[in-house]
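Structure assessment
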Amino acid sequence: MMTIDKFNFAGKKAIVRVDFNVPLNEEGKITDDTRIRGALPTLKKILADGGALIIMSHMGKPKGKVNAKYSLSQIVDAVAAALGTPVQFAPDCAKAQEAAAALKPGEVLLLENLRFYPEEEGKPVGIEKEDPAYEDAKKAMKASQKEFAKTLASYADCYVMDAFGTAHRKHASTAVIADYFDADHKMLGYLMEKEVQAVDNVLKDIKRPFTAIMGGSKVSTKIGIIENLMDKVDNLILCGGMAFTFAKAQGGKIGNSLVEDDKLDLALEIMAKAKAKGVNLVLGCDCVAADKFANDANTQVCDDKNIPDGWMGLDAGPKTREEFKAAIKGAKTILWNGPAGVFEMDNFAGGSKVIAEAIAEATKEGAFSLIGGGDSVACINKFGMADQVSYISTGGGALLEAIEGKILPGIAAIRGDK
């Protein structure tokens, strides 16, 4: 497999798939540029070698239609500032032949949002799955997806995949395009290499004890991961909104807390599995409850199985926080995905902060700590502790699928795995 370090980009045009799906505020200004910074080593290596750079990315979910709200024109200046060089913009990613052909070594071209074309995701538009004509529409879309990928490939001499955030999708720019380059002209970028290594650290090369912390609102979205981790971890903390599905499953009163009523049996199954496998499952015992979903709500600490009517649990309580600390202390491998409460509101960020501090402490004592999944990244950044953990993954869904043990199409396309 070709690697970015081995490849000399001098005099070559490189098309690089990055993940510049950065959060923007109402004014179209970037609120968190982690993903842009993450791609810089790859982009700068190409320019330093004397190559020309074509950058492509998606933003948001425009569903195959042009939508100014998701235009990458909004980030051109930020990308130029980060790279320290001017960036040209191609307002139509599939009609950038001339702009690409005119690029000189050291020059940079950013293509407009790939997802303005339905071909990027390869899903038929304007037809429901139940429609009898759907299968034919899908076949037609897959054929035009190949053409779209071929067009993107035609702009450049080599292809670099550096968008871990979309590596779990078999899209035109993340996987299909690789078919149009031979093995010596396609490679993973530095960010992808680091991500793949970090995942290997928590799945294959495990130093024990291994503590995984899964948070967030729904147990249903994390079930595949929880099951794959069950065979690997020593301690499993399940926190955030999903904890109340477990509390209710055990017969608890959870007031107005978030719950998935159709997943109560699943919660009990997970508890039984953990017990059978000797995994220390930490679900907590108390919470900070509020009388409304707002930072200025009235709050009280209560047993998480006895929350008063009209109140909702929005953060882990003090006893639960101590349980979190105990399960993280002394761990040698740590994976954190998903906060322990509504950390965006300062009054309900305490549980997540305790987790972050315990992870930082363990990392200082030699643990490998991997933080990933959108919210936990925003969380660790909010506490200003990003530099106190081993690795922060830029891929939410991709990281989770990798941890589920799935082969990611974006990596398979480069490595030639099937």
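Residues numbered from 1 in each chain as written. Predicted model: local features only at pLDDT ≥ 70, side-chain atom pairs only at ≥ 80, totals over all residues. Heavy atoms only, no water.

So, on to the packing of helix H10 (residues 318–328) against helix H11 (residues 350–364). Here H10 crosses H11 at 20°, and the two axes come no closer than 9 Å. Classified by the interaxial angle, the pair formed by H10 and H11 is roughly parallel. In the packing of H10 onto H11, the handedness of the crossing is right-handed. On the side of H10, the interface is formed by Arg321, Phe324, Lys325 and Ile328, while H11 contributes Gly350, Gly351, Val354, Ile355, Ala358, Ile359 and Ala362. When its residues are assigned to classes, the contact of H10 with H11 shows seven nonpolar, two polar and two charged. (Axes fitted to C-alpha atoms, helices over the stretch in contact; angles between N-to-C directions. Helix = DSSP H or I, 4+ residues; strand = E, 2+ residues; numbered from the N terminus. Parallel < 35°, antiparallel > 145°, perpendicular 65-115°, else oblique. Left-handed = near helix turned anticlockwise from the far one by under 90°. Contact = heavy atoms within 4.5 Å. Nonpolar A, V, L, I, M, F, W, Y, C, P; charged D, E, K, R; others polar.)

With 72 residues, the main nonpolar core has Ile15 and Leu111 as its most contacted residues. Looking at this core, the element that brings in the most residues is helix H6 (residues 190–203), giving seven residues. When residues of this core are assigned to domains, at least three fall in each of domain 1 (2–192) and domain 2 (205–402). Not counting residues within four places of it along the chain, the set of residues in contact with Leu111 comprises Ile15, Ile54, Ile55, Met56, Leu72, Phe89, Ala90, Cys93, Ala96, Leu152 and Tyr155. Met2, Leu72, Val87 and Tyr190 belong to the second-largest nonpolar core, a separate cluster that totals 31 residues. (Core = buried A, V, L, I, M, F, W, Y, C linked by side-chain atoms within 4.5 Å. Buried < 20%, exposed > 50% of the residue type's maximum accessible area, 1.4 Å probe, protein only. Domains from an automatic or database assignment.)

With that settled, the discussion passes to the sheet that holds strand S15 (residues 333–337). Picture the strands of a sheet paired through backbone hydrogen bonds; they go either parallel or antiparallel. Overall, parallel pairing links the six strands, which are arranged S10-S8-S7-S15-S16-S17 in an open sheet. Looking at strand neighbours, the two that pair on one side only are strand S10 (280–282) and strand S17 (391–392), the edges of this open sheet. Of the strands in this sheet, strand S7 (210–214), strand S8 (235–238), S10 and S15 touch H10, which is tilted by about 150° from S8. (Pairing = 2+ DSSP bridges.)

Cross-referencing UniProt, the feature "binding site: ATP" (unreviewed entry) maps to Lys222, Gly313, Glu344, Gly373, Gly374, Asp375 and Ser376 in the present numbering. Those annotated residues that line the largest pocket are Gly373, Gly374 and Asp375. As for its position among the elements, Lys222 is in the loop between S7 and helix H7 (223–230). Those residues within four positions of Lys222 in sequence are excluded, and the remaining contacts are Met214, Gly215, Met242, Asn337, Gly338 and Leu400. (UniProt positions renumbered as here; feature names shortened; annotations may be inferred. 1 Å grid on protein atoms, 1.4 Å probe; cavity = no way out; pocket = protein on both sides within 12 Å on 5 of 7 lines; lining within 4 Å.)

It is worth spelling out the sheet that holds strand S1 (residues 13–17) at this point. Taken together, six strands build an open sheet; the order of strands is S3-S4-S2-S1-S5-S6 and the sheet is parallel. Looking at which strands have only one partner, the edges of the open sheet turn out to be strand S3 (88–90) and strand S6 (186–188). Within the sheet, the average angular offset between the axes of one strand and its neighbour, ignoring direction, is 25°. Summarising the sheet, strand S2 (residues 52–56) and strand S4 (residues 108–111) pair through three bridges and their orientation is parallel. Counted as the bridge partner of Ile55 is Leu110 from S4.

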